[in-house]
Amino acid sequence: MRKIIFLAAAGALCTMQLGLTGCTDMDGDGIDNVEWGGSTNPESTSYRNPVWEPSLEGGTVIVTPNNFVAIGGETQWAVGVDYCCPTILSTNMMQWTTNQQVAFSAANRPAWITGRINSLSADLITETTKVTITTTTTETDEETGQETTTTTSKEEDRSASRYFMVYSTDKDNAIGVASSAAAQGPYVDHGCLLKASDLGVGTLADPFIVAYGNNDIYIGYTTDNGSYVRKIEFPFTVDATSYAMTINISGLPVLGDATKVSSASFSNIALFRDADGNYMIFGDVDGGVNYAVASDPTGPYTAGSGSLLSSNGDTFIEGGNGYENPCNVMRIIPSSNGNCYVAFNATLTETPAMPSGYAREPMMVNPFKISGGKVSAAIKVNSGWTSPRFVR
């Protein structure tokens, strides 16, 4: 609530400290000068964590050209009310709203799965290509009537974009893929992308997708044999007449070779490239989140403790202040204020479950700094006022 204060008797207010300083008569005319010392309202410099309650378990954050979209796993915020991957929206990463929208309508929920979608990741995918445009012109000589045909060719860039989601469930040991024209959905399912049996492993879960740039897209996931990263390509077509490019949604993306980047104890991985071109990987480890760095998207990743294949990286987020088990890095988002911001889940120690019985994992957003491919200081989970505010 904004308060409006009328200075009816300036002299009587000289001793009040309502964010004002210098209440003195500098000109000797009986009228005090008021010097504004800045707002003391914490909302001008801070925001409150958690940024979303009661839960956004296994969720993802998508950065769009105009806003931010977060989508959580299937849940019941209220007893008996099912949300098939609820969607929330924000313009600033700090305050979020919901219009009761879900990523999958009841009719579009993936038909092939037997379990509950409990982990997902989505990003804006852009594929580009060069097309050769051929133009043929015919000119007629007015005197001779002779026709001359000229053919010219030139190369132009074409691109197409679409939001793609990868997801896993609590039963299927498989990864599915879906897509949408809008970040918030509704998403259309394209079926199973990868099964544990395809990899010769027993478990497969927690996929993450990231587009580092056009045609530069990677997927990560965790198995009982370790976590893996591999390139992923999305087939497209170019219309022969209009040269318009479209990403195919009738088939499945094409996966590149899988590279093992960590042991299974470094799980539920997330990927990020910093401003200096360092590739960073974040994963759940023993009730917290650790990280490591590489010069290539597929590693090898290393930390102060050594290779990520033989160690669990360096500490990134740890529990505290009534919250435990920070997990599931949804996305790292750079800010123009010089910080990066991480969206993740954590569990309130006193109430780890909602009345519906589903996990209560609020979404937290915390700032941190990266220097030379290293996190300057580990994050300790905390509720309440957090600063500085995110600036796009």
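So, here's what we can say about the structure. Bear in mind the structure is a predicted one, so any value in this text is a computation, not a measurement.

Thoughts on the overall build of the protein
If you tally the helices and strands in the protein, you get one helix and 32 strands. Per-residue burial for the protein yields a buried fraction of 45% across its 392 residues. When contacts within the protein are restricted to residue pairs at least 6 apart in sequence, those whose partners lie at least 24 apart make up 57%.

Examining the pattern of salt bridges
If you walk through the whole model with that rule in mind, you get eight salt bridges. E53 is the salt-bridge partner of R360, the closest N and O atoms lying 3.4 Å from each other. In this pair, R360 is assigned in the loop between strand 27 (340-348) and strand 28 (363-368) and E53 in the loop between strand 3 (47-49) and strand 4 (60-63), connecting sequence segments 307 residues apart. With a shortest N-O distance of 3.0 Å, R158 and E156 are connected by a salt bridge.

Structural notes on the sheet that holds strand 4
Here we have three strands laid out as an open sheet, ordered 4-5-8, and antiparallel in their pairing. Unpaired on one side and paired on the other, strand 4 and strand 8 (87-90) mark the two borders of the sheet. Strand after strand, the sheet turns through a mean of 20 degrees between neighbouring axes, direction not considered.

A closer look at the layout of surface pockets
There is about 440 Å³ of room inside the second largest pocket. As for the second largest pocket, its lining consists of 21 residues, and the residues nearest its centre are V63, D123, A211, R331 and I332. Those elements that place two or more of their residues in the lining of the second largest pocket are strand 4, strand 9 (117-140), strand 13 (204-213), strand 20 (267-273) and strand 26 (323-334). Classifying every residue of the lining of the second largest pocket by side-chain character gives 14 nonpolar, three polar and four charged.

A look at the nonpolar core
Within the largest apolar cluster, 38 residues are counted, with the highest numbers of intra-cluster contacts made by L271, I281, F282, Y301, F316, I332 and V342. Those elements giving two or more residues to this core turn out to be strand 13, strand 20, strand 21 (279-285), strand 22 (288-294), strand 25 (314-318), strand 26, strand 27 and strand 28. Of all hydrophobic cores here, the second largest spans 21 residues; its members include V51, W52, F68 and A343.

Thoughts on the pairing of strand 5 (residues 68-71)
Residues F68 and A70 of strand 5 are buried on one face, and the alternating residues V69 and I71, pointing to the opposite face, are buried as well. Hairpin connection between strand 4 and strand 5: a loop of four residues separates the two successive antiparallel strands. Pairing of strand 5 with strand 8 involves four bridges; the strand directions are antiparallel. By the bridge assignment for strand 8, V69 is matched with L89.

A closer look at the pairing of strand 28
With six of six residues buried, strand 28 is to be regarded as a mostly interior element. Both faces of strand 28 are covered, namely the face carrying M363, V365 and P367 and the face carrying M364, N366 and F368. As paired elements, strand 27 and strand 28 share six bridges and run antiparallel to each other. If you follow Y341 over to strand 28, its bridge partner there is P367.

Considerations on empty space enclosed by the protein
Applying the stated criterion to the full structure yields one cavity of 30 Å³ or more. By volume, the largest cavity amounts to about 50 Å³. Residue composition of the lining of the largest cavity, grouped by class: six nonpolar, five polar and one charged.

Section: the sheet that holds strand 27
Spatially, 26-27-28 is the arrangement adopted by the three strands of the open sheet, whose pairing is antiparallel. The open sheet has two free edges, formed respectively by strand 26 and strand 28, since each of these has just one partner strand. Sheet twist, expressed as the mean angle between neighbouring strand axes with direction ignored, is 30 degrees. As defined by bridge partners, strand 26 adjoins strand 27 across seven bridges and the pair is classed as antiparallel. Across the sheet, Y323 pairs through a bridge with L348, a residue of strand 27.

Regarding the side chain of D172
With respect to the helices and strands, the residue D172 is situated in the loop between strand 10 (147-169) and strand 11 (174-180). No salt bridge is formed by the buried D172, whose closest oppositely charged neighbour, R109, lies at an N-O distance of 7.2 Å. Among the polar contacts listed, one links the side chain of D172 to the side chain of T169, at a separation of 2.6 Å. When neighbours within four sequence positions are excluded, D172 is seen to be in contact with W112, I113, T114 and G115.

How each quantity is defined
Residues numbered from 1 in each chain as written. Predicted model: local features only at pLDDT ≥ 70, side-chain atom pairs only at ≥ 80, totals over all residues. Heavy atoms only, no water. Helix = DSSP H or I, 4+ residues; strand = E, 2+ residues; numbered from the N terminus. Buried < 20%, exposed > 50% of the residue type's maximum accessible area, 1.4 Å probe, protein only. Contact = heavy atoms within 4.5 Å. Salt bridge = Lys/Arg side-chain N within 4 Å of Asp/Glu carboxyl O. Pairing = 2+ DSSP bridges. Axes fitted to C-alpha atoms, helices over the stretch in contact; angles between N-to-C directions. 1 Å grid on protein atoms, 1.4 Å probe; cavity = no way out; pocket = protein on both sides within 12 Å on 5 of 7 lines; lining within 4 Å. Points joined across faces, edges and corners; volume = space filled by probe spheres on them. Nonpolar A, V, L, I, M, F, W, Y, C, P; charged D, E, K, R; others polar. Core = buried A, V, L, I, M, F, W, Y, C linked by side-chain atoms within 4.5 Å. Lys, Arg positive; Asp, Glu negative; His and termini not counted. Polar contact = N/O pair within 3.5 Å; in protein donor to acceptor, adjacent residues only side chain to side chain.

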